[in-house]
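# Close look at the chain arrangement
Residues per chain, in single letters:
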Amino acid sequence: MPGPRAPRGTRLGPVALVVAGGLSVQFGSAVAVLLMPRAGALGVVTLRLVLAAAVLLIVCRPKVRGYSRADWGTVLAFGTAMSGMNILFYLAIDRIPLGAAVTLEVLGPLALSVIASRRLSNLLWAGLALAGVVLLSGGGFDRLDPAGACFALAAGAMWATYIVFSARTGRRFPQADGLALAMAVGAVISLPFGIVEVGDRLLVPSTIGLGLAVALMSSVLPYTLELLALRRLPAPTFAILMSLEPAIAATAGFLVLNQALGVTDALAIALVIAASMGAVRSQVRRSAPAA
């Protein structure tokens, strides 16, 4: 007799985690743009990672004994990728609009989905998502600040690396312990950059308050949700779901930063959502036991 089917909510749970994380991180990025005049791009990164690390270390209280050299290597790689992704992305959104920056950045996860997946369906969904993100640019990439565009593309490469090592960390460490340790690594790496750029302006109470909001919205909540999702979702499918980020970023830019959305933007967002839904349906069908 066939075994009982997993409840539909159980199979879709990781997808809900990814979407919730995307909403949190992109609206947090919109708040970060408002903070940049006070703390600068690198100062915002430092506040975000240092405060997020403090919160996670206090909440998780991770153990530091009993792990192998390979475990610690994974945490170091995860933390390095996390800090690099954030530094490059914030340098990008300091120069180009949020929606455009995330559109370019998401090319990293899309490339990962194509490279890591051995299924034609994932390649097709990635292609549809790519069409959406290109359309979301409105053909305006040539009008972007070249340095900002390069920073966004480099952030995308680090994002793909982040996905790989987030999944490995989630398998090697219980709960969110590995994330807390990796966040501490990222905080240590980012700290000198923030100090050099803005110095003691990082210690202004109102700046710290906004930085804490960014840390919670853009690091603590989304990274925890993504770590949990990657324990139950293949990296290629997760990477395709990251194509939702430009749509969320464009919406956040419109609502928080008054960055306009047009008909073409809406069509691009619809394509990206369709691609993500297709990838999710493919994954649900593969994970469902045969009748």
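Look up a bit, the structure's there.
The rules behind the values
- Residues numbered from 1 in each chain as written.
- Predicted model: local features only at pLDDT ≥ 70, side-chain atom pairs only at ≥ 80, totals over all residues.
- Heavy atoms only, no water.
- Helix = DSSP H or I, 4+ residues; strand = E, 2+ residues; numbered from the N terminus.
- Buried < 20%, exposed > 50% of the residue type's maximum accessible area, 1.4 Å probe, protein only.
- Contact = heavy atoms within 4.5 Å.
- Axes fitted to C-alpha atoms, helices over the stretch in contact; angles between N-to-C directions.
- Parallel < 35°, antiparallel > 145°, perpendicular 65-115°, else oblique.
- Left-handed = near helix turned anticlockwise from the far one by under 90°.
- Nonpolar A, V, L, I, M, F, W, Y, C, P; charged D, E, K, R; others polar.
- 1 Å grid on protein atoms, 1.4 Å probe; cavity = no way out; pocket = protein on both sides within 12 Å on 5 of 7 lines; lining within 4 Å.
- Points joined across faces, edges and corners; volume = space filled by probe spheres on them.
- Expected span 1.5 Å × (residues − 1).
- Bend = angle between axes of the 7 residues up to and from the residue.
- Phe/Tyr/Trp six-rings, centres within 6.5 Å; stacked < 30°, edge-to-face > 60°.
- Lys NZ or Arg CZ within 6 Å of the ring centre and 35° of its normal.
- Salt bridge = Lys/Arg side-chain N within 4 Å of Asp/Glu carboxyl O.
- Core = buried A, V, L, I, M, F, W, Y, C linked by side-chain atoms within 4.5 Å.
- Patch = residues over 30% accessible without salt bridge, like charges linked within 9 Å, V, L, I, M, F, W, Y side chains within 5 Å.
- Areas by Shrake-Rupley, 256 points an atom, 1.4 Å probe, with all protein chains shown as cover.

## Considerations on the overall build of the protein chain
Helices and strands together make up the secondary structure of the protein chain, namely 11 helices and 0 strands. Written out in order from the N terminus, the α and β elements of the protein chain read α-α-α-α-α-α-α-α-α-α-α. Here the protein chain holds 291 residues, and 53% of them are scored as buried. Here the contacts in the protein chain between residues at least 6 apart in sequence split such that 90% fall between residues at least 24 apart.

## Some thoughts on the packing of helix α2 (residues 69-93) against helix α7 (residues 177-198)
Running from N to C, α2 and α7 cross one another at 50°; their axes reach a closest spacing of 8 Å. Taken together, the axis directions place α2 and α7 in an arrangement best described as oblique. In the packing of α2 onto α7, the handedness of the crossing is right-handed. For the pair α2 and α7, the contacting residues are Trp72, Val75, Leu76, Phe78, Gly79, Thr80, Met82, Ser83 and Ile87 in the first and Gly178, Leu179, Leu181, Ala182, Met183, Val185, Gly186, Ile189, Ser190 and Phe193 in the second. Split by residue class, the contact of α2 with α7 holds 13 nonpolar, 6 polar and no charged.

## A look at empty space enclosed by the protein
Under the criterion given, the structure shown has 1 cavity of 30 Å³ or more. Counted as a void, the largest cavity has a volume near 170 Å³. Forming the boundary of the largest cavity are 15 residues, of which Val25, Arg48, Met85, Glu105 and Tyr223 lie nearest the centre. Elements with a contribution of two residues or more to the lining of the largest cavity: α1 (8-60), α2, α6 (146-172) and α8 (205-230).

## Quick look at α8
Helix length check: α8, at 26 residues, gives a terminal C-alpha distance of 36 Å against a target of 38 Å (1.5 Å per residue), a fit within 8%. Of all the bends found along α8, the most pronounced is centred on Leu216 and spans about 40°.

## A word on the packing of aromatic side chains
In this structure the tally under the stated criterion is 6 aromatic pairs. Ring centres 4.3 Å apart and planes at 40° place the aromatic pair Tyr67 and Phe173 in the tilted group. Placement of Tyr67 in the loop between α1 and α2 and of Phe173 in the loop between α6 and α7 is noted, with a sequence separation of 106 residues between them. When its relative accessible area of 2% is taken as the criterion, Phe173 is described as buried. An aromatic cluster is present here, built from Tyr67, Trp72 and Phe173 joined pairwise through their rings. The side chain of Arg168 reaches across the aromatic face of Phe165, ending 5.1 Å from its centre.

## Section: the pattern of salt bridges
Counting across every chain of the model gives 1 salt bridge. Arg172 is paired through a salt bridge with Asp71; the nearest N and O atoms lie 2.6 Å apart. Here Arg172, found in helix α6, pairs with Asp71, found in helix α2; they are 101 residues apart in sequence, far enough to count as distant. Relative accessible area serves as the criterion here: at 38%, Arg172 is assigned to the partly exposed category. Exposure remark for Asp71: the relative accessible area of 10% places this residue in the buried category.

## Brief notes about the nonpolar core
Counting 80 residues, the largest nonpolar core has Met82, Phe89, Tyr90, Tyr162, Ile163, Leu179 and Met183 as the members making the most contacts within it. Examining the composition of this core, we find that 18 residues originate from one element, α1, more than from any other. Residues contacting Tyr90, with those up to four places away along its chain left out, are Ser29, Ala32, Met36, Ala41, Val44, Val45, Arg48, Val214 and Ser218.

## Considerations on the side chain of Ser24
The residue Ser24 is located in helix α1 in this model. Contacts of Ser24, omitting those with residues within four sequence positions, involve Leu216, Met217, Ser218, Leu221 and Pro222.

## Focus on unusual backbone geometry
Residues apart from glycine generally show negative phi values, whereas peptide bonds are mostly found in trans. The phi dihedral of Arg61 is positive, around 45°, even though this residue is not glycine. Counting through the fold element by element, Arg61 comes out in the loop between α1 and α2. Take Arg61: its relative accessible area is 69%, and that puts it in the exposed class.

## A short note on a nonpolar patch on the surface
Taken together, the side chains of Leu34, Phe254, Leu255 and Val256 present a nonpolar region at the surface, about 360 Å² in accessible area. Top contributing element to the nonpolar patch by residue count: helix α10 (residues 244-257), with 3 residues. A relative accessible area of 31% places Val256 in the partly exposed class.

Function cannot be inferred from these measures alone, as they are strictly geometric.
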